[in-house]
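Close look at the chain arrangement
Each chain is listed here by its residues.
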Amino acid sequence: MQHISNYNRRKYAAMVTKVDESVGRIVQQLQKQQMLNDSIIIFSTDNGGPAEGFNLNHASNWPLRGVKNTLWEGGVRGAGILWSPRLKKPRRVADQVMHITDWLPTLLTAITDNNPVSPLTHSEIDGISIWHALSEDEPSPRKIILHNIDDIWGSSALTVGDWKLLKGTNYQGAWDGWYGPAGDRDPRLYDYKAIRLCLTGRALEALNMLPTTADIIRLRSQSNINCNVRMPYLKQGSKCNPLQEPCLYNIKDDPCEHYSLAHKYPNILDSVLFELDYYNSTAVPPSNKPLDPRAAPSRWNYTWTNFGDYDDEFEQTQVYIGKI
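What you see is a predicted model, and the numbers here were worked out from it, not measured in a lab. Within each chain, residues carry numbers counting from 1 in the order of the written sequence. Owing to the predicted nature of the model, reporting of local features is limited to residues with pLDDT of at least 70; listing and counting of side-chain atom pairs is limited to 80 or more, with chain, interface and lining totals taken over all residues. The side-chain numbers reported here are obtained from all heavy atoms of the structure, hydrogens and water having been left aside.

Attention shifts here to the pattern of salt bridges. A side-chain nitrogen of Lys or Arg and a carboxyl oxygen of Asp or Glu constitute a salt bridge if their distance falls within 4 Å. Counted under the stated rule, the structure contains 12 salt bridges. Here Lys88 makes a salt bridge to Glu136, at a shortest N to O gap of 3.5 Å. Linking Lys88 in the loop between strand 2 (80-83) and helix 3 (103-111) with Glu136 in helix 4 (residues 131-136), this pair joins segments that are 48 residues apart in sequence. Among the salt bridges present, the one from Lys164 reaches Glu257, with a minimum N-O distance of 2.9 Å. Taken as a pair, Lys164 in strand 5 (residues 163-167) and Glu257 in the loop between strand 6 (247-250) and helix 8 (266-281) lie far apart in primary sequence, 93 residues in all. Buried residues are those whose accessible area, probed at 1.4 Å on protein chains only, stays under 20% of the maximum for their type, while exposed residues exceed 50% and partly exposed ones sit between those limits. Given a relative accessible area of 0%, Lys164 falls into the buried group. Since its relative accessible area comes to 0%, Glu257 is described here as buried. A single salt-bridge network, built from bridges that share partners, covers Glu73, Arg77, Lys164 and Glu257. Secondary structure elements follow DSSP: runs of H or I no shorter than four residues count as helices, runs of E no shorter than two count as strands, and numbering proceeds from the N terminus.

Given below as structure tokens:
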């Protein structure tokens, strides 16, 4: 198993190297075509990673709690990078709250700022623009995030301001812990020379837009989440099992979700529960269909197929060919 694990790590490292190279070539071409000065570059995750030990994966959300497909911060909090000469206050770690649905109106605002005519209105989409908040380092207009209401697992989570509520959980709580590996997070040990030598670094340096080493060290240090820095009042909280009772966390002071304050602040708990019930009252019943035996991979030579597009006669032919 150790040999397989090391092999997989080398494989993932090679993939990252190729991604770095591909992105570098794109940035380099933007610079050569004199388009980089008017570009917006975004890297963003859509959820937390499946942690090491979780279905043979090797991601790490440390020190956040939980994994992909859970409603803990390790499952719902995404890391991202936003780069653009259009940003008025760049080179900082942004703490503005954002939901993935906010990207569309945010980017529309960014590209139509001088001509704020948009084909979309707030009544037509779920997201809200936070471009000005991101660009000028202002408070985010996004105050509430509904993470999910899952009628199958019986789990739900909602964040209102600094307060996050969890009811129920997935996998019967089997992946509700904190999983590593923690990795090396010392900013002093980072290879800063490689940044200047890579394709992206060269393109940015040609435009005098590459941060200094001191700036990079500062940003890496500020982006680390340190769960050892605890506010005294948090110690009045308690451990909480969302399968047994609702859990309430101050996600700003306790991003690693160690101390539930549901018993200490029952009024806040009731208020967030009321908000969650309101969202649930507007939900549309899930349209999950029952399992269809026609979808069995063995019927389609183990290839991805739109099985519902074929009639029974063609399906039988496929089964016959597969057996040959």
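Here the narrative resumes, following the displayed structure.
With that settled, the discussion passes to the pairing of strand 5. Counting buried positions along strand 5 gives four out of five residues, so the element sits mostly inside the fold. Between any two strands, at least two bridges found by DSSP are needed for them to pair. Of the pairings in the sheet, the one linking strand 4 (residues 155-160) to strand 5 comprises five bridges and is antiparallel in character. Each residue of the ladder has a partner; that of Thr159, found in strand 5, is Lys164. Counted between consecutive antiparallel strands, the loop separating strand 4 from strand 5 contains two residues, among which Gly161 sits at a positive phi close to 65 degrees.

This paragraph deals with the packing of aromatic side chains. Only rings of Phe, Tyr and Trp enter the pairing, Trp through its six-membered ring, and a pair is recorded when the two centres are within 6.5 Å. The plane angle decides the type: under 30 degrees is stacked, over 60 is edge-to-face, the rest tilted. In total, this model carries five aromatic pairs according to the counting rule given. Ring geometry for Trp153 and Tyr171: centres 5.2 Å apart, planes at 55 degrees, overall tilted. One end of the pair, Trp153, is in the loop between strand 3 (144-150) and strand 4; the other, Tyr171, is in the loop between strand 5 and helix 5 (192-197), and 18 residues separate them in sequence. By relative accessible area, which is 33% here, Trp153 ends up partly exposed. Its relative accessible area of 27% is what places Tyr171 among the partly exposed residues. Ring geometry for Tyr278 versus Tyr279: centroids 5.8 Å apart, planes at 65 degrees, classification edge-to-face.

Turning next to the side chain of Asp176. Considering the arrangement of structural elements, one finds Asp176 in the loop between strand 5 and helix 5. Charge assignment in this entry is limited to Lys and Arg as positive and Asp and Glu as negative, and neither His nor the chain termini are counted. Comment: no salt bridge for buried Asp176; closest opposite-charge side chain is Arg65, at 5.5 Å. Throughout, a contact is declared for two residues whenever any of their heavy atoms are within 4.5 Å. Those residues within four positions of Asp176 in sequence are excluded, and the remaining contacts are Arg65, Trp72, Thr169, Asn170 and Pro242.

With that settled, consider a nonpolar patch on the surface. By definition, no residue in a patch forms a salt bridge, and every one has over 30% relative accessible area; like charges are joined within 9 Å, nonpolar side chains (Val, Leu, Ile, Met, Phe, Trp, Tyr) within 5 Å. To be clear on the numbers: accessible area is Shrake-Rupley with a 1.4 Å probe, and residue cover counts the displayed protein chains and nothing else. On the surface, a cluster of nonpolar side chains totalling about 280 Å² of accessible area is made up of Val19, Phe43 and Ile81. Tracing the chain through its elements places Val19 in helix 1 (residues 2-32). Here Val19 falls in the partly exposed class, since its relative accessible area comes to 43%.

Membership of the largest hydrophobic core comes to 13 residues, with the highest contact counts inside it found for Leu165, Leu234, Leu248, Leu261 and Leu269. Residues in contact with Leu248, not counting those within four places in the same chain, are Trp163, Lys164, Tyr259, Ser260, Leu261, Ala262, Tyr265, Ile268 and Leu269. Residues Tyr192, Ile195, Ala203 and Leu210 belong to the second largest nonpolar core, which totals 11 residues. Put simply, buried Ala, Val, Leu, Ile, Met, Phe, Trp, Tyr and Cys residues joined by side-chain atoms within 4.5 Å make one nonpolar core.

Residue Trp62 is joined to Pro63 through a cis peptide bond whose omega torsion reads 5 degrees. Turning to its location among the elements, Pro63 is positioned in the loop between strand 1 (41-44) and helix 2 (73-76). The backbone of Asn69 sits at a positive phi, close to 70 degrees, despite the residue not being glycine. Inspection of the secondary structure puts Asn69 in the loop between strand 1 and helix 2. Assessed through its relative accessible area of 41%, Asn69 is described here as partly exposed.

Moving on, we come to helix 6 (residues 199-206). Every buried residue of helix 6 is accounted for by Gly201, Ala203 and Leu204. Down the axis of helix 6, the smallest arc covering the buried residues is 165 degrees, so these residues share one side. Note on helix 6: the residue one or two positions beyond its end, Asn208, has a positive phi of about 60 degrees. Read the arc as the range of directions from the helix axis to the C-beta atoms.

Below, the discussion takes up the confidence of the model for the protein chain. Detailed reading of predicted coordinates is not advised where the pLDDT is low. In predicted models, pLDDT denotes the confidence assigned by the predictor to each residue on a 0 to 100 scale. Per-residue confidence for the protein chain gives a mean pLDDT of 85; residues scoring 70 or more make up 85%. When mean pLDDT is compared element by element in the protein chain, strand 5 scores highest at 98, while helix 9 (residues 312-323) scores lowest at 48. Between residues 314-324, whose pLDDT stays under 50, and residues either more than four places distant or in other chains, the model counts eight contacts.

Adjacent strands of a sheet pair through backbone hydrogen bonds, lying either parallel or antiparallel. Pairing is antiparallel in the open sheet, where four strands are placed in the order 3-4-5-6. Each edge of the open sheet carries a strand with a single partner, namely strand 3 and strand 6. Each adjacent strand pair in this sheet contributes to an overall mean axis angle of 10 degrees, direction not counted. For strand 3 and strand 4, the ladder comprises six bridges, and the chain directions are antiparallel. The partner of Ile144 across the bridge, within strand 4, is Val160. The angle between two axes is taken between their N-to-C directions and runs from 0 to 180 degrees, where each axis is a line fitted to C-alpha atoms and a helix contributes only its stretch in contact.

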